[in-house]
Amino acid sequence: MITSNPFAELSAIIPSFAMQAYVVAMFLLVIGGTVLDMIHKKSAQYFFENAKKAEKEAKRTVSGGDKASMMVATVTSEVLTSSEFQNPRRRLSHLFTMYGFIAFVASTVWLIFGYTSADAVAPSWLATTWHLGAASLCFGGYWFWFFIRVDVVSEGVKWHDLRKADMFIVSLLLMATFALLWSATMGGGTLNMLLCILFILSSTFLFSTVMWSKFAHMFFKPAAAYQKRVTRADESRENLPGDFDLTDPAVQKRFPDIPEYMGKNPSYMGHGIRRERPHHY
Ligand code: HEM
């Protein structure tokens, strides 16, 4: 099963050109949803105005070369390795979900455009990538859904309590789950057809709700991560205070209430938020 191309079997019922038209339609829906989202929330306008404001507050100039190397660092760190996540379990689950999704989508497009005509046989590694991509997405996504989400882990919300904000993760998971079940029941008559319809419905939901879901974060987060690097390099720091060493006499001179309340040699108490795992519901 894992090495066979499920779309080749599907082409007996749905013609190849219809599958290809569906993929193009989903692609256009993602672009349209992202653009409408930016217009509606004015996020691009906010982003550029905020970047201009930060530029005015900059304490040092960042050269074009520095900016280029920050772009490379953003891609190799925040984008490729999800380095923004402080929680290692959350980071790992995001990596499984992200790379699973990329492998699943890329191999779907390749299989549908390259190997749905009568005489074309897909290489087994490509069909395997499709199955492993869906499995990786399911692994990372269900791990996140049942065990990592902050409202479930820390706020006592039940895993089945759905909200609008869950549209993205739920449709992502349903799409990958139905895809695997559909492939596993190939040749199984009505059940297989039903799973195929559910796969198409969930993927249509995922790609047509970009304007309202968290889907577009995959385009916005890299830009935000890069901008954050710039604000640290030019020392505008989004108007946030620096990381002060409270024992430094220069810092104590600047903030005289530190020695007054904490003594001349205040101990380092660490980040309060990391002191214990949140379990207070
Ligand atoms: C390419 C496919 C990607 C997929 C499938 C994906 C998937 C996800 C999922 C399922 C979540 C949890 C959403 C939720 O709270 O319901 C998430 C959150 C997040 N993703 Fe991604 N992601 C992708 C790309 C990226 C990229 C490229 C970045 C950054 C450069 C990124 C950064 C983040 C961050 C920082 C969060 C946490 C956001 C928050 O909790 O508000 N993701 N992602």
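Preceding this section is the structure that the text describes.
Here the structure is a predicted model, which means the values were calculated and not measured.

A. Quick peek at the overall build of the protein chain. In terms of helices and strands, the protein chain carries 12 helices and zero strands. Each helix (α) and strand (β) of the protein chain, taken in turn from the N terminus, gives the series α-α-α-α-α-α-α-α-α-α-α-α. Reported as C-alpha extents along the three principal axes, the dimensions of the protein chain are approximately 80 × 45 × 35 Å. Out of the 281 residues belonging to the protein chain, those deemed buried represent 19%. When contacts within the protein chain are restricted to residue pairs at least 6 apart in sequence, long-range pairs at least 24 apart make up 74% of them.

B. Main features of the environment of Leu132. Counting through the fold element by element, Leu132 comes out in helix H6 (residues 124–148). On the basis of neighbour counts, which here come to 17 C-beta atoms within 10 Å, the residue Leu132 falls in the partly exposed class. A C-alpha to C-alpha distance of 10.0 Å links Leu132 and Phe101, two positions 31 residues apart in sequence.

C. Structural context of the nonpolar core. Counting 27 residues, the largest nonpolar core has Ala134, Leu137, Leu172, Met175, Ala176, Ala179 and Phe199 as the members making the most contacts within it. For this core, the secondary-structure elements that each account for two or more residues are helix H1 (6–10), helix H5 (88–114), H6, helix H8 (167–184) and helix H9 (189–208). Per-element tally for this core: the top contributor is H8, with eight residues. Not counting chain neighbours up to four residues away, the residues in contact with Ala134 comprise Gly100, Phe104, Ala176, Ala179 and Leu180.

D. A look at the packing of H6 against H8. The N-to-C vectors of H6 and H8 enclose an angle of 140 degrees; their axes lie 9 Å apart at closest approach. One element, H6, and the other, H8, form an angle in the oblique class. The crossing of H6 and H8 is left-handed. Residue-level contacts link His131, Ala134, Ala135, Leu137, Cys138, Gly141, Tyr142, Phe144 and Trp145 of H6 to Ile169, Leu172, Leu173, Ala176, Thr177, Ala179, Leu180 and Ser183 of H8.

About the criteria used
Residues numbered from 1 in each chain as written. Predicted model: local features only at pLDDT ≥ 70, side-chain atom pairs only at ≥ 80, totals over all residues. Helix = DSSP H or I, 4+ residues; strand = E, 2+ residues; numbered from the N terminus. Buried ≥ 20, exposed ≤ 12 C-beta atoms within 10 Å, placed from the backbone. Contact = placed C-beta atoms within 7 Å. Core = buried A, V, L, I, M, F, W, Y, C linked by C-beta atoms within 7 Å. Axes fitted to C-alpha atoms, helices over the stretch in contact; angles between N-to-C directions. Parallel < 35°, antiparallel > 145°, perpendicular 65-115°, else oblique. Left-handed = near helix turned anticlockwise from the far one by under 90°.

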